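# Architecture and fold: a report
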Amino acid sequence: MPWTDIFAAWGEDDIPQREEIVTTLATDTVHYADPHSGPVDGRDGLLQVIAGFRQAMPDGSAAAHHADGYQGHVRAAVDFRRDGQAFMTGQYVAELNADGAITRLVGFASMPAS
């Protein structure tokens, strides 16, 4: 599973499935921050952030695209959707451990200005 599959958790209604996604892709001590929530540490903190998103937007989801990276540092554009329509595109930067698990995930509410 690529690291970008973590964003499927934002659209997952089934709590055990959401937990499985996060457990599979992030370390137990993952650090998460974005302009709307966090920072939080640990899988439980990340799951609380995602649960807050699901509560605020039961019809919301997120999907990554345009991912790249090197030497354990990766980034992706992420579309946040409501009713299937993108309402915001942000950028996430992650650090991965040697096994490819996310140790740090930091989101930005928009793409950099060109």
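Everything that follows concerns the structure shown earlier in this document.
Being a predicted model, the structure only gives us computed values, none of them experimental.

Let us look at unusual backbone geometry. Positive phi, normally seen in glycine, also occurs at H66, with a value near 50 degrees. Structurally, H66 can be placed in strand β3 (residues 60-70). Overall, H66 belongs to the exposed group, its relative accessible area being 69%. The residue Q71 is not glycine, and still its phi comes out positive at about 50 degrees. With respect to the helices, strands and loops of the structure, Q71 is situated in the loop between β3 and β4 (73-82). Using a relative accessible area of 72% as the deciding quantity, one classes Q71 as exposed.

Take the pairing of strand β1 (residues 26-34) next. Within a regular strand, the side chains alternate between the two sheet faces. Of all nine residues making up β1, seven are buried, and the element is well covered by its neighbours. Here four bridges tie β1 to strand β6 (residues 102-108), and the two strands are oriented parallel to one another. The residue of β6 that forms the bridge with A33 is V106.

A separate point is the nonpolar core. In this structure, I6, F7, W10 and L105 are the most contacted members of the largest nonpolar core, which totals 26 residues. Those elements that place two or more of their residues in this core are α1 (15-25), β1, α2 (43-56), β4, β5 (85-96) and β6. When near neighbours in sequence (up to four residues on either side) are disregarded, F7 contacts A62, A63, A64, V78, Y92 and L105.

The next point concerns the sheet that holds β5. An order of β2-β1-β6-β5-β4-β3 is seen for the six strands of this open sheet, with the pairing classed as mixed. The open sheet terminates on both sides in strands that have one partner only, identified here as β2 (37-41) and β3. Each adjacent strand pair in this sheet contributes to an overall mean axis angle of 25 degrees, direction not counted. Relative to β5, β4 is paired through 10 bridges, and the arrangement is antiparallel. Bridge pairing in β5 links D79 to T89. α1 rests against β1 and β6 of the sheet, and its axis sits at about 100 degrees to β1. Sitting on the sheet, α2 is in contact with β1, β2, β3 and β4, with an inclination near 50 degrees to β1.

Cut-off values and rules
- Within any chain, residue numbers begin from 1 and follow the written order of that chain's sequence.
- Under the rules for a predicted model, residues below a pLDDT of 70 receive no local features and side-chain atom pairs below 80 are neither given nor counted, while totals for whole chains, interfaces and linings still include all residues.
- Calculation of side-chain values draws on the structure's entire complement of heavy atoms; hydrogens and water are dropped beforehand.
- In DSSP terms, a helix is any run of H or I states spanning at least four residues, a strand is any run of E spanning at least two, and both are numbered starting from the N terminus.
- Each residue's exposure class comes from its accessible area (1.4 Å probe, protein chains only) as a fraction of the maximum for that residue type: buried when under 20%, exposed when over 50%, partly exposed otherwise.
- A strand pair is defined by DSSP finding two or more bridges across the two strands.
- The nonpolar core is taken to be a set of buried Ala, Val, Leu, Ile, Met, Phe, Trp, Tyr and Cys residues, with the residues joined through side-chain atoms within 4.5 Å.
- We call two residues contacting when some pair of their heavy atoms lies within 4.5 Å.
- Axis definition: a line fitted to C-alpha atoms, limited for helices to the stretch in contact. Angles are taken between N-to-C directions and run from 0 to 180 degrees.

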